[in-house]
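Spelled out from the first residue to the last, the chains are:
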Amino acid sequence: MEDQAEDHEGAPELFLFLASTAHDMKNSISVLSGTLEGLLGGADDKDVSHPAYPQLAQMLYQTKRLNDNLIQLLALYKQVGKPEYPFDPRPQHIGELVQQVASQAKVLLESKKIILQADFPQDMVWTFDEDLIIGMLTQAINNAVRYTHDTIRIAVAESAGFLEIRVEDNGAGFPQAMIDAGVSAMSGNITGVNFMTNSSGLGLYFASEVAKMHKYRQRNGSIHLENGGVLGGGAFVVRLP
Amino acid sequence: MNSALTNALHPAAVAAAAANIDWTEKRYLIVDDFVGIRQLLRETLRNLGAKHFDQAASGGEAMTMLSKTHYDVVLCDFNLGDGKNGQQVLEECRIRNLLTPSSVFLMVSAEKSVESVMGAAEQQPDAYIIKPITEGVLLTRLNRVWQKKQIFREIDQAFVEKDYLRAAKLCDEQIAVHKLHAIDLLRMKATLLLKAGEPDKARAVYEQVLDDREYNWARTGLAKIRMNNGDHEAARQMFQGVIAENRFYIDAYDQLATAYQYMGKLEESCDVLEKAAKLSPNSVVRQRRLGLAALKLNNIPLAERAFRKCIAIGEYSIMKTVDAYFGLARICGQKNDAKEALQVLALAQREFTGELVQLRAKITEGLVYHESGDYRRARKTGDELEEMLNDDPERPDTPTCMELATLLFAVGVKDAPADLLCYVIRNNHDNMVLLDEVQDIFEKARMGEEGAELIKAARKEAADMMNKGVLLWKTGKLAEAVAWMRTAREALPNNMRILFNSAQILISHMQQNGYNRDLMDEANGVLMHVDRIAPGQQRFAQLIEQLALLMPRKDPPPIENFGFDEEGGE
């Protein structure tokens, strides 16, 4: 860590302080979300009807948002997408990917009484950076919790040589400003008004950087938002070569 | 695409993945300095059905527990506050054999870790896992590691037995049925082929992998093969290409430094090592290498920093090395601080034991006296060492012999150091880099011309000994050839080519006259000695393969004609 600090000329002490504080914060958030998941996951029928239950569920949702934002800020600080970032693509089993994403979201979705559907080819293998993609999809699901009525669907399929992963919901769909923010994030136009004023800006920027890092035979990954899909609401779509 | 609508949360999906392994009866160790995280992980494990778990709050505590109890699964945080970090716990476990092949070591970190892409340079855990850890992710990773261990079990076994070609064949069998692990298996196969002395086949594997996708390890592997073929400039460019793509791929830095070394560009080599040590500062091995490179270049401040860092991280590492103490003592001597130099030497002898350490401490002490201007004490140390050489015919390893010769010349002795250097040459008569270094020592002692003559004579002596054995073999006098090579080995116990030819003649004898238990043991002993003093030689792997074919079995082995490694004239 002291040697990373040397790269941040001018304020190495500040960098060290920030890095160790961030490490501490991650531990605290882990404990916080773990404890909430333990409480919510262990609730019986009587507990579920208690007026505090939905409030607890909301706390978990907010904690997860906090965790996502912290990870993204750290990742941006460490320059995702640059050669400086530890990018590690390997062949992965799609079934395992979906299972891990679903397990990350399980308690939150159950406590919010949201159903998760999954649609994916059982034996498919694709090459990507597993931790980055799990982080991106978990965050897309957390985001869909805000927009959905009662169902979220994660669908994976091969399409024209790309792996297409969709996170769809059955809510009223994304507002146009949000869809535009997705386009701005992909074009790298982070000074665009739509992008910066939207609260999802950081998440979309992060997702687009992660997608773009995935390259194979002169083709790059991408993300976009759209409305429609199988459930008729909003859809977050990532395509990986 | 045939896609079924399923619910990923369905217990059947989880059960199917976990079908072949029961995690509930395993013994777990949780290592984290944060009590909240330890409690959380305990809950997570309990929810998975686990019953037996211990916890440790520091690397030191973890080591104590790991040396007392066998754990099936270790969940270890990378960042453990003061003392050992997670990587050092892992290193020590591997070196002290505290983990069995079936144990799982998971490295936990708060963010995506740089260590995961460092390459072969550092010890790798079975998997990395990012906080917060949930049951589903933990179970998936455990099952995946387990499956991979099953796939690699026979391959690893053959690897341990140094039966590299069989291991490579096993890789092919597994690649055919395990698409998910094909890349890992190909990487292993290339490593095995290199170990078995088949660089052309290894190159084909790397090229096959790179044809599909750019992998740092495959590009680095190709470059290493180029480097070993003497194509240093091409290798240098390839290593630099890998670094431009991925600044964290430390293995490429270490290799680039080696390429520069072969090219005689010692300053560039040292610069690269300095950069690598900045990116990954906690490697004892790398700091040692940097210190030695800087010392050679007389870059005193850099060498001092590297040796001090090496000693500091070594405090908690199983890899700690006495070389750093001797290096630092030399630096102190050159800075005219004989007092600290002697303190460092005393410390080295407290921390490390063995006759060689005592001897090297004595030599370093003499050099320190000499370099700090205390010629009287330097002379006294030199006299004692000279006497020791006269009393004991045994000689230490090559670098120690060279340091001893340097000291003896410095204090004015002539014959003993010259003899010592001739001994070094006889045992390394075809190592051109070493010949230059020896010539250098003679030059510094103002014996350049005389040294050149001595080197020439020593080389001839070794070559003659070897050629006599080969001639006996060629004229069909196999028993005499075997006997002669025994004499040659006694005179030159560490000469690689004599050792290899010795083993080859023993094998040849058995190929013509049948298996013989004593000769088999002798050949095996010679090869094991070679592998100890210079591990990973191509010819070692080839001879081991031939020896394996001679082991008695029902079908007689085919008799083949093997080419000999003959020494040309001067």
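Residues numbered from 1 in each chain as written. Chains lettered and ligands numbered in written order. Predicted model: local features only at pLDDT ≥ 70, side-chain atom pairs only at ≥ 80, totals over all residues.

**Section: the overall build of chain B**
- For chain B, the helix and strand inventory stands at 26 helices and 6 strands.
- Over its C-alpha trace chain B gives a radius of gyration of 27 Å, about what one expects of a compact globule, namely 25 Å for 570 residues.
- Along the first, second and third principal axes, the C-alpha set of chain B runs to 85 × 65 × 45 Å.
- Counting across all 570 residues of chain B, residues that qualify as buried make up 43%. (Helix = DSSP H or I, 4+ residues; strand = E, 2+ residues; numbered from the N terminus. Rg over C-alpha atoms; globule rule 2.2 N^0.38 Å. Buried ≥ 20, exposed ≤ 12 C-beta atoms within 10 Å, placed from the backbone.)

**What to know about the nonpolar core**
- One finds Phe239, Tyr325, Leu328, Ala329, Ala405, Leu421 and Ala503 of chain B to be the most contacted residues of the largest nonpolar core, which totals 126 residues.
- Sequence-distant contacts of Ala405 of chain B, that is, excluding residues within four places in its chain, are made with Pro417, Leu420, Leu421 and Ile441 of chain B.
- Membership of the second largest hydrophobic core comes to 50 residues, among which are Leu36, Ala185, Ile223 and Phe236 of chain A. (Core = buried A, V, L, I, M, F, W, Y, C linked by C-beta atoms within 7 Å. Contact = placed C-beta atoms within 7 Å.)

**What about the confidence of the model for chain B?**
All names here are of chain B.
- Predicted confidence across chain B gives a mean pLDDT of 87, with 91% of residues reaching 70 or more.
- Within chain B, the element-level pLDDT minimum falls on strand S1 (residues 4–6), averaging 38, and the maximum on strand S2 (residues 27–31), averaging 95.
- In the model, residues 1–18 has pLDDT below 50 throughout and makes 26 contacts with residues more than four positions away in sequence or in other chains.
- In this model, residues 556–570 is a region of pLDDT below 50 whose contacts with residues beyond four sequence positions or in other chains number 15 contacts. (pLDDT = per-residue confidence, 0-100.)

**Concerning the domain arrangement of chain A**
All names here are of chain A.
- Taken domain by domain, chain A holds domain 1 (2–77) and domain 2 (90–240).
- Contacts between the two partners involve 14 residues from domain 1 and, on the opposite side, 11 residues from domain 2.
- At the level of secondary structure, the elements contributing two or more residues to the side of domain 1 that touches domain 2 comprise helix H2 (12–41) and helix H4 (52–77).
- Among the elements that line the side of domain 1 that touches domain 2, the one with the most residues is H4, at 11 residues.
- Residues of the side of domain 1 that touches domain 2, tallied by class, amount to 7 nonpolar, 3 polar and 4 charged. (Domains from an automatic or database assignment. Nonpolar A, V, L, I, M, F, W, Y, C, P; charged D, E, K, R; others polar.)

**Brief notes about helix H14 (residues 300–314) of chain B**
Residues and elements named next belong to chain B.
- Taking 1.5 Å per residue as the helical rise, H14 with its 15 residues ought to reach 21 Å, and the 21 Å between its terminal C-alpha atoms agrees with that figure.
- All of the buried residues in H14 are Leu302, Ala303, Glu304, Ala306, Phe307, Lys309, Cys310, Ile311, Ile313 and Gly314.
- In this structure, the buried residues of H14 make contact with helix H12 (266–279), helix H13 (284–296) and helix H15 (322–334). (Expected span 1.5 Å × (residues − 1).)

**Some remarks on the domain arrangement of chain B**
- Per the domain assignment, the segments of chain B are domain 1 (12–153) and domain 2 (463–550).
- On a C-alpha basis, the centroid separation for the pair domain 1 of chain B and domain 2 of chain B is 45 Å.

**Details of helix H7 (residues 182–195) of chain B**
- Taking 1.5 Å of rise per residue, 14 residues should cover 20 Å, and H7 of chain B covers 20 Å from first to last C-alpha, within 8% of that figure.
- Along H7 of chain B, 11 of the 14 residues are buried, which leaves the element largely enclosed by surrounding structure.
- All buried positions along H7 of chain B are accounted for by Ile183, Leu185, Leu186, Met188, Lys189, Ala190, Thr191, Leu192, Leu193, Leu194 and Lys195 of chain B.
- Each element contacted by the buried residues of H7 of chain B is listed here: strand S1 (90–93) of chain A together with helix H5 (135–160), helix H6 (164–177), helix H8 (199–212), helix H9 (216–228) and helix H26 (538–550) of chain B.
- Just past H7 of chain B, the residue Gly197 of chain B takes up positive phi, approximately 75°.

**Quick word on the sheet that holds strand S3 (residues 52–56) of chain B**
Residue and element names in this part refer to chain B.
- Taken in spatial order, the 5 strands of this open sheet run S3-S2-S4-S5-S6, and their pairing is parallel. Either end of the sheet is taken by a strand with one partner, and the two such strands are S3 and strand S6 (127–130). Between one strand axis and the next, the sheet turns by 20° as a mean value, whatever way the strands run.
- As defined by bridge partners, strand S5 (residues 104–109) adjoins S6 across 4 bridges and the pair is classed as parallel. Bridge pairing links Val108 to Ile129 in S6.
- Lying over the sheet, H5 contacts strand S4 (73–77), S5 and S6, oriented at roughly 175° with respect to S6. (Pairing = 2+ DSSP bridges. Axes fitted to C-alpha atoms, helices over the stretch in contact; angles between N-to-C directions.)

**Looking at unusual backbone geometry**
- Put simply, Lys131 of chain B and Pro132 of chain B share a cis peptide bond, and its omega is -5°.
- Within the element layout of this structure, Pro132 of chain B appears in the loop between S6 and H5.
- Residue Lys113 of chain A is not a glycine yet carries a positive backbone phi of 55°.
- On the neighbour-count criterion, Lys113 of chain A (10 C-beta atoms within 10 Å) is exposed.
- Here the phi dihedral of Ala160 of chain A falls at roughly 50°; this positive angle occurs in a residue that is not glycine.
- The residue Ala160 of chain A is located in the loop between strand S4 (151–159) and strand S5 (162–169) in this model.
- For Ala160 of chain A, a count of 6 C-beta atoms within 10 Å puts it in the exposed group.

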